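Given next are the chains, with one letter for each unit.
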Amino acid sequence: MISLNINKKNYSVDVDSNTPLLWVLRDVVGLVGTKYGCGVAQCGACVVHLNGEAVRSCVTKVSRAVGQKVVTIEGLSEKNDHPLQKAWMELDVPQCGYCQAGQIMSAAVLLNENKNPTDEDIDDAMAGNICRCGTYLRIRNAIHLAADMQRKGI
């Protein structure tokens, strides 16, 4: 049995220690907000936080998460009211929506590290997240709006 802390809840899972964290989250724990995109850490659809760091859960072994705090899109906020989630809705960012959980999770790490990111900061931080619908400008604008919300305490 492997013990995990996911979204502030403890889980015991009976999986091989080499199992990708993504499959444990989705198939064992039932948290399906984190998406499978490419399986080789190139698209960003599977980004989750591991102790505040953005990691690609499709290539992160579940054994790496033992004793760590895992946060998925479901755990980013209790009422879907994180500034990024609010900004995403206000600016109608998603088109198909498939990549958006990974986009938001990557953006959350950026805003934790940089309270006032420039366009260049955002582009650099988000470069590993692919949006097949091309909503990159809306994503950038939403990150700026969320940063502004955070600074104002909204």
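Parameters at a glance
Residues numbered from 1 in each chain as written. Predicted model: local features only at pLDDT ≥ 70, side-chain atom pairs only at ≥ 80, totals over all residues. Heavy atoms only, no water. Helix = DSSP H or I, 4+ residues; strand = E, 2+ residues; numbered from the N terminus. Rg over C-alpha atoms; globule rule 2.2 N^0.38 Å. Buried < 20%, exposed > 50% of the residue type's maximum accessible area, 1.4 Å probe, protein only. Contact = heavy atoms within 4.5 Å. Axes fitted to C-alpha atoms, helices over the stretch in contact; angles between N-to-C directions. Parallel < 35°, antiparallel > 145°, perpendicular 65-115°, else oblique. Left-handed = near helix turned anticlockwise from the far one by under 90°. Nonpolar A, V, L, I, M, F, W, Y, C, P; charged D, E, K, R; others polar. Core = buried A, V, L, I, M, F, W, Y, C linked by side-chain atoms within 4.5 Å.

So, the overall build of the protein
When you go through the protein residue by residue, the secondary structure sums to 5 helices and 5 strands. The helix and strand sequence of the protein, counted from the amino end, reads β-β-α-β-β-β-α-α-α-α. Relative to the compact-globule value of 15 Å for 154 residues, the protein shows a C-alpha radius of gyration of 15 Å, a close match. Its C-alpha atoms give the protein principal-axis dimensions of roughly 45 × 30 × 25 Å. When each of the 154 residues of the protein is scored for burial, the buried share is 43%. Within the protein, contacts between residues at least 6 apart in sequence are counted, and of these 58% link residues at least 24 apart.

Here we look at the packing of helix α2 (residues 83–90) against helix α5 (residues 136–152)
The contact between α2 and α5 brings their axes to 8 Å, and the two run at 130°. One element, α2, and the other, α5, form an angle in the oblique class. Crossing of α2 against α5: the hand is right-handed. Residue-level inspection shows Pro 83, Leu 84, Lys 86, Ala 87, Trp 88 and Glu 90 of α2 in contact with α5, the latter providing Ile 139, Ala 142, Ile 143, Leu 145, Ala 146, Met 149 and Gln 150. For the contact of α2 with α5, the per-class residue count stands at 10 nonpolar, 1 polar and 2 charged.

A look at the nonpolar core
One finds Leu 84, Trp 88 and Ile 143 to be the most contacted residues of the largest nonpolar core, which totals 21 residues. Of all the elements in the fold, those that place two or more residues in this core are α2, α3 (100–113), α4 (119–126) and α5. Among the elements that line this core, the one with the most residues is α3, at 7 residues. Once you skip the residues sitting within four places of it in the chain, Leu 84 turns out to touch Ile 104, Ala 107, Ala 108, Leu 111, Ile 143 and Ala 146. In terms of nonpolar packing, the next biggest core, distinct from the first, is built from 15 residues, Val 13, Leu 21, Leu 25 and Val 29 among them.

Things to note about the environment of Val 55
Tracing the chain through its elements places Val 55 in strand β4 (residues 53–56). Leave out the neighbours within four places in its chain, and Val 55 touches Cys 46, Val 47, Val 48, Leu 50, Thr 60 and Arg 64.

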